Amino acid sequence: MDELRTLGNHRAIAAPLPNNRHRRTFLGLAQSFLIHGVIWIGALAMIMPFLWMLSTSLKTQGEAVAYPPEWIPNPIQWNNYVDVLQSFPFFTFAANSLKIALLGTFGQLLSTSLAAYAFSRMVFPGRQTIFVLLLATLMIPGHVTMIPTFILFNSFGSVNTHYPL
């Protein structure tokens, strides 16, 4: 069957497909297998550290540092999880981390959205200068501002609190 192509508002009949249809399918299949193979190798490389962490969490201290390393612990130490939960307030720390991550993300989204809206839609005097200053401060590495930021929050008395968030 001939393939139809649309050219503007007109329909034209294209030439019939060449006889190398099978070869083109084979090349497409080989390319698909190659692409999927690369994706699977990448996925495996990404999940390997997680699997190693899970395996190591079920080992004894000696098995965790043994050389050569073994993937499957023998015997499996399920009590490692109980020991972790009993040794310190794990759920308090997890809730604290979740709170800080959510508040930080929400604060960043709110402030950057408002700033982006102001710079894109509003016209005000000094807009270009303020935008250049904003871009310049984004280029300063966080390591450079770490100590001055600490000194500033320490003078406010907000060190070891969530207020600087």
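As the structure is a computational prediction, the values presented were derived from the model and not from experiment. (Residues numbered from 1 in each chain as written. Predicted model: local features only at pLDDT ≥ 70, side-chain atom pairs only at ≥ 80, totals over all residues. Heavy atoms only, no water.)

Trainee: I would appreciate a short explanation of a nonpolar patch on the surface in the present structure.
Mentor: Judged by side-chain polarity, Leu44, Ile47, Met48, Phe50, Leu51, Met53, Leu54, Trp71, Ile72, Ile76, Trp78 and Tyr81 come together as a nonpolar surface patch covering roughly 1200 Å² of accessible area. With respect to the helices and strands, the residue Met48 is situated in helix H1 (residues 21–57). The partly exposed category is assigned to Met48, whose relative accessible area is 33%. (Patch = residues over 30% accessible without salt bridge, like charges linked within 9 Å, V, L, I, M, F, W, Y side chains within 5 Å. Areas by Shrake-Rupley, 256 points an atom, 1.4 Å probe, with all protein chains shown as cover. Salt bridge = Lys/Arg side-chain N within 4 Å of Asp/Glu carboxyl O. Helix = DSSP H or I, 4+ residues; strand = E, 2+ residues; numbered from the N terminus. Buried < 20%, exposed > 50% of the residue type's maximum accessible area, 1.4 Å probe, protein only.)

Trainee: Explain the confidence of the model for the protein chain here, please?
Mentor: It should be kept in mind that the predicted coordinates are not to be read in detail where pLDDT is low. For the protein chain, the mean per-residue pLDDT works out to 86, and 85% of the residues sit at or above 70. When pLDDT is averaged over each element of the protein chain, helix H6 (residues 142–155) comes out on top at 93 and strand E1 (residues 4–7) at the bottom at 52. (pLDDT = per-residue confidence, 0-100.)

Trainee: Please clarify how the side chain of Ser55 should be interpreted in this entry.
Mentor: Within the secondary structure, Ser55 sits in helix H1. Exposure remark for Ser55: the relative accessible area of 8% places this residue in the buried category. The residues contacting Ser55, other than those within four sequence positions of it, are Glu70, Trp71, Ile72 and Pro73. (Contact = heavy atoms within 4.5 Å.)

Trainee: What should I look at first to understand unusual backbone geometry in this one?
Mentor: Between Tyr67 and the following residue, Pro68, the backbone shows a cis peptide bond with an omega angle of -5°. Structurally, Pro68 is set in the loop between helix H2 (61–64) and helix H3 (79–87). For the peptide bond that leads from Asn74 to Pro75, omega is -5°, which places it in the cis range. Assignment of secondary structure puts Pro75 in the loop between H2 and H3. Although it is not a glycine, Asn160 adopts a positive phi angle of roughly 65°. Its location among the elements puts Asn160 in the segment after H6.

Trainee: Just checking my understanding: could you explain the packing of aromatic side chains for this structure?
Mentor: Under the defined criterion, the tally for this structure stands at six aromatic pairs. Between Phe88 and Phe93 the ring centres are 5.6 Å apart and the planes differ by 20°, which places this aromatic pair in the stacked class. Looking at Phe88, the relative accessible area reads 34%, which means it is partly exposed. For Phe93, a relative accessible area of 44% corresponds to the partly exposed category. Here Phe119 and Phe124 contribute two aromatic rings whose centre-to-centre distance is 6.4 Å and whose plane-to-plane angle is 35°, an arrangement assigned as tilted. Clustering of aromatic rings is evident, with ring pairs tying together Phe88, Phe90, Phe91 and Phe93. (Phe/Tyr/Trp six-rings, centres within 6.5 Å; stacked < 30°, edge-to-face > 60°.)

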